[in-house]
Amino acid sequence: MRKESGFSMLEVLVSMIIIMIGVLGIAGMQLLAINNTEVARYQSLAALLASSMATGMQSNAAYWGTPSSSIGVTGTTITGIASGGTSCLNAVCTPTQLAAYDLTNWGQALASTLPNGSGTIACTLIPAPTVCTLTLNWSEKTVASLGTPAGSPVPMSYKTMVTMQ
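The structure presented is a predicted model; accordingly, all values stated were derived computationally and were not measured. (Residues numbered from 1 in each chain as written. Predicted model: local features only at pLDDT ≥ 70, side-chain atom pairs only at ≥ 80, totals over all residues. Heavy atoms only, no water.)

Let us look at the overall build of the protein. For the protein, the helix and strand inventory stands at three helices and five strands. In the protein, the succession of α and β elements from N to C terminus is α-α-β-β-α-β-β-β. Across the 165 residues in the protein, those meeting the buried criterion constitute 30%. Pairs at least 24 residues apart make up 56% of the contacts formed inside the protein by residues separated by at least 6 positions. Summed over its atoms, the accessible surface of the protein is roughly 10200 Å², and 64% of this surface lies on carbon and sulfur atoms. (Helix = DSSP H or I, 4+ residues; strand = E, 2+ residues; numbered from the N terminus. Buried < 20%, exposed > 50% of the residue type's maximum accessible area, 1.4 Å probe, protein only. Contact = heavy atoms within 4.5 Å. Areas by Shrake-Rupley, 256 points an atom, 1.4 Å probe, with all protein chains shown as cover.)

In structure tokens:
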């Protein structure tokens, strides 16, 4: 009996180590699940924002059927279109003013919804019909197990195409 004293203690220590490794594994899986939920959340928001702009583009076919150049949107800064600051909420606007108004609102929504959110719209006129590609860009912080250091921003993007009839 004397040679077996302490053997039960060793069994308890080994089982505690195995349980702790399992608990750490479960905690890691939980962290990945939370991170993937956040990634999916931003991708869903990007899809909604792109769909919103696509609807605005299709309702303003007079402008978007023949846009002059690629358009960039970062917050309220719009490049590629003259943005006169006209509010089309309770006023009659030209197609260009309406496009600028829609882009300004879209840019504000991008900046407030997506981290470092910005967007571009590039349209091809030839061959008809006009096809515009909406690209939304943002950055996300990820967990270390996704191949980047923990908390470092990772550039993300979402693209969709709009056909103008």
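Structure's up, so let's keep going.
Confidence in the prediction of the protein, expressed as mean pLDDT, is 84, and 87% of residues score 70 or more. In the model of the protein, strand 2 (residues 77-79) stands out as the element of lowest mean pLDDT, 83, in contrast to helix 1 (residues 7-59), which has the highest, 90. (pLDDT = per-residue confidence, 0-100.)

Our next topic: the state of the cysteines. On inspection of all chains with the given rule, the structure shows two disulfides. Note that C88 is cross-linked by a disulfide to C93, the S-S spacing being 2.1 Å. Taking the sign of the S-S torsion, about -110 degrees here, the bridge from C88 to C93 comes out left-handed. Each disulfide in the protein links cysteines that, numbered along the sequence, combine into the pattern 1-2, 3-4. (Disulfide = S-S within 2.5 Å.)

Moving on to the pattern of salt bridges. Taken as a whole and assessed by the stated rule, the structure comprises one salt bridge. For E38, the salt bridge is made with R41, and the minimal N-O distance between the two is 3.2 Å. Pair noted here: E38 and R41 are both in helix 1, with a separation of three residues, about one helical turn. Given a relative accessible area of 33%, E38 falls into the partly exposed group. Here R41 falls in the partly exposed class, since its relative accessible area comes to 42%. (Salt bridge = Lys/Arg side-chain N within 4 Å of Asp/Glu carboxyl O.)

Right, let's get into the nonpolar core. The biggest cluster of nonpolar side chains holds 27 residues, and the ones touching the most others in it are W64, I71, L103, W106, I121 and L136. For this core, the secondary-structure elements that each account for two or more residues are helix 1, helix 2 (61-64), strand 1 (71-74), helix 3 (95-113), strand 3 (118-124), strand 4 (130-141) and strand 5 (153-164). Looking at this core element by element, the count peaks at seven residues for helix 1. Leave out the neighbours within four places in its chain, and W106 touches L49, A50, M53, V73, G119, I121, L134 and L136. (Core = buried A, V, L, I, M, F, W, Y, C linked by side-chain atoms within 4.5 Å.)

As a further point, take the packing of aromatic side chains. Per the stated rule, a full pass over the model turns up one aromatic pair. When the ring centre of Y42 is taken as reference, the NZ or CZ atom of R41 above it lies at 5.0 Å. (Phe/Tyr/Trp six-rings, centres within 6.5 Å; stacked < 30°, edge-to-face > 60°. Lys NZ or Arg CZ within 6 Å of the ring centre and 35° of its normal.)

A few words on the pairing of strand 3. Two strands pair when backbone bridges link them, and strand 1 and strand 3 are joined in this way by three bridges, in the antiparallel orientation. By the bridge assignment for strand 3, G72 is matched with T120. With seven bridges joining them, strand 3 and strand 4 adopt antiparallel strand pairing. For G119, the partnering residue across the bridge sits in strand 4 and is L136. Two successive antiparallel strands, strand 3 and strand 4, enclose a turn made up of five residues. (Pairing = 2+ DSSP bridges.)

Time to look at the sheet that holds strand 4. Taken together, the five strands give an open sheet; going across it, the order is 2-1-3-4-5, and neighbouring strands pair in antiparallel fashion. Each having just a single partner strand, strand 2 and strand 5 make up the two edges of the open sheet. Averaged over all pairs of adjacent strands, the angle between their axes in this sheet comes to 15 degrees, without regard to strand direction. One ladder, built from three bridges, connects strand 1 with strand 2; its direction is antiparallel. If you follow V73 over to strand 2, its bridge partner there is I78. Those strands touched by helix 3 are strand 1, strand 2, strand 3 and strand 4, and its axis lies near 140 degrees from that of strand 3. (Axes fitted to C-alpha atoms, helices over the stretch in contact; angles between N-to-C directions.)

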